[in-house]
Every structure is written in structure tokens, then in C-alpha cells.
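Reading the structure
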Amino acid sequence: MSLLPHKHLLGLADYSVQDITTVLDTAVRMKEILERPVRKVPTLRGVTVVNLFFEPSTRTRVSFELAEKRLSADTVNFSASGSSLSKGETLLDTALNIEAMKIDVVVMRHKSPGSPHFLARHLDSVVVNAGDGCHEHPTQALLDMLTLREKFGTLKGLRICLVGDISHSRVALSNIFGLRTMGAQVILCGPATLIPRDVIRLGVEITHNLDEAILRCDALNVLRIQLERQQSGLFPSLREYQTYFGLTRRRLEKAAAPLTILHPGPMNRGVEIASDVADGEHSVILAQVTNGVAVRMAVLYLLAGAQPQPADVRS
Amino acid sequence: MPRSYSDFESPAPARNLLLEGARVVDPRSGLDQVVNLYVRDGVLTVDPREMPASADHLDLRGHVITPGWFDLHVHFREPGHEVAETVESGCQAAMNGGFTGVACMPNTEPPLDDAGRVQWVLDKASASPVELHVIAAATRNRAGQELVEMSELYDVGVRAFSDDGAPIRSTAVLRHAMEYAHMLGARVFQHAEDTTLSAEGVMNEGEWSTRLGLPGVPSVSESIDVMRCILMTQYTGAAIHICHVSTNDSVEWIRWAKQHGLPVTAEVCTHHLLLTDEACKDFDTDFKMSPPLRSEQDRAACANALIDGTIDVLCTDHAPHSWEAKMQEFDVAPFGVVGLETALGLAFTHLIPNGLSLPALLERVVYAPRRVLSQPPPRIATGEPANLTLIDPQTTWSVDPSKFRSRSHNSPFKGWELRGRTRGIVNRGLAVITDF
């Protein structure tokens, strides 16, 4: 039984202000657990979580795994390499087979947008989206929002600028959905070829001038730029990208007040973000990583925490 | 009513069949009245003076009889993907949908690009009440480089050539295909798409593709190719038929071409008239097809173009895919939806009440498709071969794909409540008439 009005966390597109607030408030309590000498509680004892990763991922998988272990869940990792997928099994069969081994929660990452939604229709388990292609990465946006809320006290009225490749970013889309729901303003900044033509309909502002964006935002969330986008002709060179869209200390000095800097990682230091900015006093990049564990604990607890425990079954 | 008329596997000969009390509508013959039709050995008598006592009487009061409907764009998957559809199952789906004729696209495996293979498919349907035409590939192996042997294909009955499923990309090859076909009195059907623009796209580029994180197929990827085809028609004088028009801008170019008297024809699919890209929001692959469901503006433009005649033909682009193929991730699953068995009900439920008169509808599903294929129009008149679609316009029913005669169930209209249903067809001396 979920403590949210949702069985799954597939994305933030359908999470309300109340839902997001509940997750963030719960994450604050989870964060306290992470500060204790013994960083472990029995909340998810007897709950089995499978981390089903069809795409390589280090930090998200480790973050989920830590969150699961802190809550005393039993965890199993499944990664695409060396799995039945290489034998040509379908996604659905893979998931049904794992579910038949009696599990409660599937945390999944997959390259296809909507694949967690697809599985959620056919599995009994709780599904948590850990990134589906260029669609959503809801726990990343939740940890970004938790980090911003810690810094500013509230999300309402904040002006957040997302910088970089919006078109291919699940982090950007989940942030847009979540931040807009929470009443923040969202400014997208990047080359025209990396901003979807119709994203304006999601209630965001668009600019192609980072210096101008810096003058009117409270925080910048800098997205990773991938070399393959250059190779497919979407921007001319990393050099030009760095010159016009790279976040440097010099650029930030123009801001009226210091801007908070986020990055979902992994960073291309010296490309989208200069090292002295990434490591600077207004960077909250490592706080994001810590908050990631807390947010994932909160999500797992809220969605699976009321699963029948062994004791309940006996009584 | 003998049971044998409802057997899809072996349709009964229409030897001595009296169709009583239906409203008979044949705009080309100026006919729209309640009148009895008598079919003897496949030949019609309108309003027979004497009722043959021995005839099989079929009470069709409250029904509508029209000349046989024709679907200009279907995929029957044989050879190659018989698990999804065969010529036989496709013809049964056509009968169940009220179509007495279909034109099959050649993107089978291997493709229908030579006379032997085309004849093999034609032979499979030779005993069916459904008159099957083959649109042959325009280029060998649909590779877009060398022309198929068009004259020889013409001689086995082919009147149209298409690499459908994909466009003819090279403008030079397009020109040569159009000119060579034109020499024969045939025409090229172009699946209009600039594939460098559509690239990896799997749904319409717009707000919904953005929301869903799915790669988009921009509407301009179609419109720009429609424009290219029209300019080539203008330059060469050779006719072109634009397949499955789905965008407002395509419609505008076609309108321009017609205003300039160019030999351009076009078709639209039922699903592009009734659905928009928002339907993809649950990642259900039964809403994935090419071209994709578009915006409301595009949908409305196509619907208006069908009404005002800018678009000549209403078709289904019946594209069966197995359950296994469609039960995949949205970006991986194949493009295409079935349509033969829902088109008539959808037309009666949603097109006629929204501005498309019955005579105009019949123009788009009876006469125009055959005209594009250089076939004579069927007529409801004494002495003519009986080529009829029997319709119960009042019956309401729920679309249940598991009841389709098609081997595939990938319908975006599953669960829709429709009013108006095929009662049967009569064609080529045979009849299939269902009891609900």
C-alpha cells in the first residue's frame, strides 16, 4: 500500500504539489537517519527491491541501492549485460520472470521512454522510474528540488535556469514538471538545436543567452553536454559550446547576488561547467548527491513502506 | 436466410438473392430510394417486377445498400509476415469491414516488385469476393535505385507503383518512376516523408512528444516531400498520388496543386481524422503509426480537406502487426494499425454526423479509389454485376479487436462505441452476409 495517491513513481508529470511536498518532507526525515551513528532503520524489512538497470549507471544505481539498504530492504541488482536480454528476451518477459521470484518493487532504468509505464501496466509490483530515455528521471528532479528547498526555504516563486541540452535530458523534463507544479519559474538556456520546439507549451521561458539568463535567475542547474550531439550536427563544437554556454566564474560575477549551482552529474569539467564553479562556495553539487539517497529512501518508504510485513502476515 | 451466407471462409454464390426493403444509394446512378435488389448469378436487377418465389429473401428494412467500398491502402503481409496477416485473412477482414475491393501495398518480404510475385498474390485472392489489386514496388527491392519492370507489371494488372513504408528518396528516381508510370497510364503513390527530418522519430513532434520524451516526426518532414512531389508533377506532367496525408501544410500544397489543375490525388486514413498525438500519452503502441497522429490543427485540416474534396480518397492504411511485435517499448515497436474492420462504423458514427454527406463519403470510398487505380466504377443498375456493400446504419456495437477477422488486433479504436456496421458484401458472384 502506498502512502501517496499513486502506486508507482513513473514521472513527475502526474505528481501534485501535495505529492511532491510529501516526498520532500519525508526526505528531510530520512536525511536525519543518514546523520545517525547507525545509518539504518528496519522500515522496509521483508520488502524486496530489484534494481533493474538496462542502461549503464553508476551513481543512480548506487544511490538507490544505498537507500534500499538504509531501509533494510532486500536488494538485488540486475544489469543488462550478461542477462537474458542478450538472448533476445523481451522486456516484459524479463520483468515477469523477475517478478515471479516474488519481489515487491522494481527500480528501473531503460533507454526507451515509457518503458516503466509499460511495465507498470503488466506487473503487480511497485515501479520506480530511475530514468527512461529522454523522458523522465523523477528522483533526480526530486533531489534537485529538495536541495533548492533547503537553500531557499521554498520553491514557490524561485527562478531556476536549466542550462544545456534540454532536448535529450530526462533531468530537464522532470525538473520542468516538478518545478512548474511547485510554482517555480523555469528558464531554459541552450543552443536552439538542443531545445525542443514545443517545450514553450510547458510554461517555461527560453533564452539562448546565458549571460542574460544569469541576470534573472536564483539558481542554475547545469546539464551534461554529450559529444555525440556534436557528431549528429546539433552544435558545431565543444569549444564553441564552452565559449557560449559554459558556466564560468567570470560569467557568474555579473549576477547581482551569488547564484546557487546544481549539476546532476557526471560533470564534464571545463566544458559545461568550470571546475572553480563546480567546486565553488555556491555549488550544491555534492549536497545533491547526499539528498539523492534521502529522496530515494523517501520514495521507497512512501510507495512500499506499508507492504505487509512478516509480522502482519502472521497476525 | 440460409446460414451459408455468413461463412467467411467460403462465401456463398449469389445465385438467387433478393435484398428487400433497403435504402439504395448510388450517387453516380442518381439513385437514393428504398428499392428491392435482385441478384441472379451475380447480376443485378433493380426493382424486379416479379419476386422470384424461390429466391433467398433477405429483409434489409432500415439498412443502406451502396456500391462496394474500396480500400486503396492496405498491407496484407504475404509473403513474409503471415503471422500478422495473409491474403486470405486480409480479404476476410475486408469483407467484415464492408470492402469489396482493396489495393495491397508491396512492402512484403520479399517485396512485390516483379510480375511473378504480384501474380502469385493476385492468384491467392482470385476466388474471393474481394477484388484485390496490387500496388507494385516502384523500385527494385524497394531500395530506391532501379525501377521495377513497370510495363510487365502493368500487363498483369498493376496500375500503381509505390515504395510505401518509405518514400522514394532520390528526386531523380522519383522523376523517372513518375514519368515511366505515366507513359503506361499508371501512377506513383508516394509515402511522403523526408527521412532525414523524421530520422529516429516515433510520434508527431509537438507538445506531446516533448512531454513524453519521445523523438518527434516533424509535420514538415511530410509536407516538404508533398511539395517536392507536386513540383515534380508540375514539371513532368506525370500524375502522383500522395499516400496517407496527415498535415495541414500537406493539405495546403495539395489544394494549391488542384487549383493549378495538376494531376495530383491524395488519400487520408480514418485514424488521422479521429485521433491526435495526445493519444500516445500512455505509450500504447496501438497509437503508433507512420505518418504519426498529428495535432488537432492537422486533424481538423485533413477532415475539412476530405469534406471539400481536396483529399480524394478515404483509406485505412490497414497495417497488421502481431501481438508480440506491438508488445514492446514504444520506440521499438513497429509502426502501423489495423483499420479495415472499423472504417465503416467510424465513418457512420463520426464522419457523416460531422459534415461529410453520404454521397461525398461514397465518392471517397467507392469511386475515387477506383479512379486512381484506373478501374471502372461499380454501378447499381439492372444488368450490372452486383458489387454491393450492405450496411446497418442503426446497430450500435463496441469495437472488440479479438473479434476481428484480421489476424492482428492492433486497433487504436479498441473499446469505441460505434453506430453503423457492415452487414455484408456482394461481389464477383459471391455474397457474405452476417447476422449480428
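For clarity, every value in this text was computed on a predicted model and none was experimentally measured.

Basis of the calculations
- Residues numbered from 1 in each chain as written.
- Chains lettered and ligands numbered in written order.
- Predicted model: local features only at pLDDT ≥ 70, side-chain atom pairs only at ≥ 80, totals over all residues.
- Helix = DSSP H or I, 4+ residues; strand = E, 2+ residues; numbered from the N terminus.
- Rg over C-alpha atoms; globule rule 2.2 N^0.38 Å.
- Buried ≥ 20, exposed ≤ 12 C-beta atoms within 10 Å, placed from the backbone.
- Contact = placed C-beta atoms within 7 Å.
- pLDDT = per-residue confidence, 0-100.
- Pairing = 2+ DSSP bridges.
- Right-handed = clockwise from strand over helix to strand, strands pointing away.
- Domains from an automatic or database assignment.
- Nonpolar A, V, L, I, M, F, W, Y, C, P; charged D, E, K, R; others polar.

**Let's talk about the overall build of chain B**
Helix and strand counts for chain B stand at 13 helices and 21 strands. Radius of gyration (C-alpha) of chain B: 21 Å, near the 22 Å computed for a compact globule of 436 residues. Structurally, chain B occupies a C-alpha span of about 65 × 45 × 40 Å along its principal axes. The 436 residues of chain B split such that 57% are buried. A separation threshold of at least 6 residues defines the contact pool for chain B, and within that pool the share at least 24 residues apart is 77%.

**Looking at the confidence of the model for chain B**
Low pLDDT marks regions whose predicted coordinates should not be analysed in detail. The share of residues in chain B with pLDDT of 70 or more is 99%, and the mean pLDDT across the chain is 97. Here the prediction assigns the complex a pTM of 0.95, and the interface score ipTM is 0.93.

**Re the pairing of strand 17 (residues 264–269) of chain B**
Residue and element names in this part refer to chain B. With six of six residues buried, strand 17 lies mostly within the body of the structure. Neither face of strand 17 is exposed, since Val264, Ala266 and Val268 on one face and Thr265, Glu267 and Cys269 on the opposite face are all buried. Bridge count for strand 16 (residues 240–242) against strand 17 is three bridges, and the pairing is parallel. Bridge pairing links His241 to Thr265 in strand 17. Note on the crossover from strand 16 through helix 8 (residues 248–259) to strand 17: the handedness is right-handed.

**So, the domain arrangement of chain B**
Residue and element names in this part refer to chain B. The domain architecture assigned to chain B consists of domain 1 (3–65 + 380–433) and domain 2 (68–372). Listed per partner, the contact involves 33 residues of domain 1 and 41 residues of domain 2. Here the side of domain 1 that touches domain 2 is composed, by residue class, of 16 nonpolar, 10 polar and seven charged.

**So, unusual backbone geometry**
Residues Gly265 of chain A and Pro266 of chain A are joined by a peptide bond in cis, for which omega reads -10°. The topology assignment puts Pro266 of chain A in the loop between strand 9 (260–262) and helix 11 (275–278). Backbone geometry places Asp317 of chain B, a non-glycine residue, at a positive phi of 50°. Examined against the element boundaries, Asp317 of chain B turns out to sit in the loop between strand 18 (313–315) and helix 11 (323–326).

**Notes on the pairing of strand 4 (residues 126–132) of chain A**
All names here are of chain A. With seven of seven residues buried, strand 4 lies mostly within the body of the structure. Sheet analysis places strand 3 (residues 105–110) next to strand 4, joined by five bridges and oriented parallel. Counterpart to Val106 in the pairing with strand 4 is Val127.

**Some words on the interface of chain A and chain B**
On the chain B side, the residues contacting the 22 residues of chain A number 16 residues. Only helix 3 (91–99), helix 4 (115–122) and helix 6 (170–181) of chain A provide two or more residues apiece to the side of chain A that touches chain B. With three residues, the single largest contributor to the side of chain A that touches chain B is helix 4 of chain A. Split into classes, the residues belonging to the side of chain A that touches chain B amount to 10 nonpolar, seven polar and five charged.

**A closer look at helix 12 (residues 343–351) of chain B**
Residues and elements named next belong to chain B. Within helix 12, eight of the nine residues are buried, leaving the element largely enclosed by the surrounding structure. Those residues of helix 12 not exposed but buried are Ala343, Leu344, Gly345, Leu346, Ala347, Phe348, Thr349 and Leu351. Buried residues along helix 12 sit in contact with strand 9 (69–74), helix 1 (87–97), helix 9 (270–274), helix 13 (358–372), strand 19 (388–398) and strand 20 (417–427).

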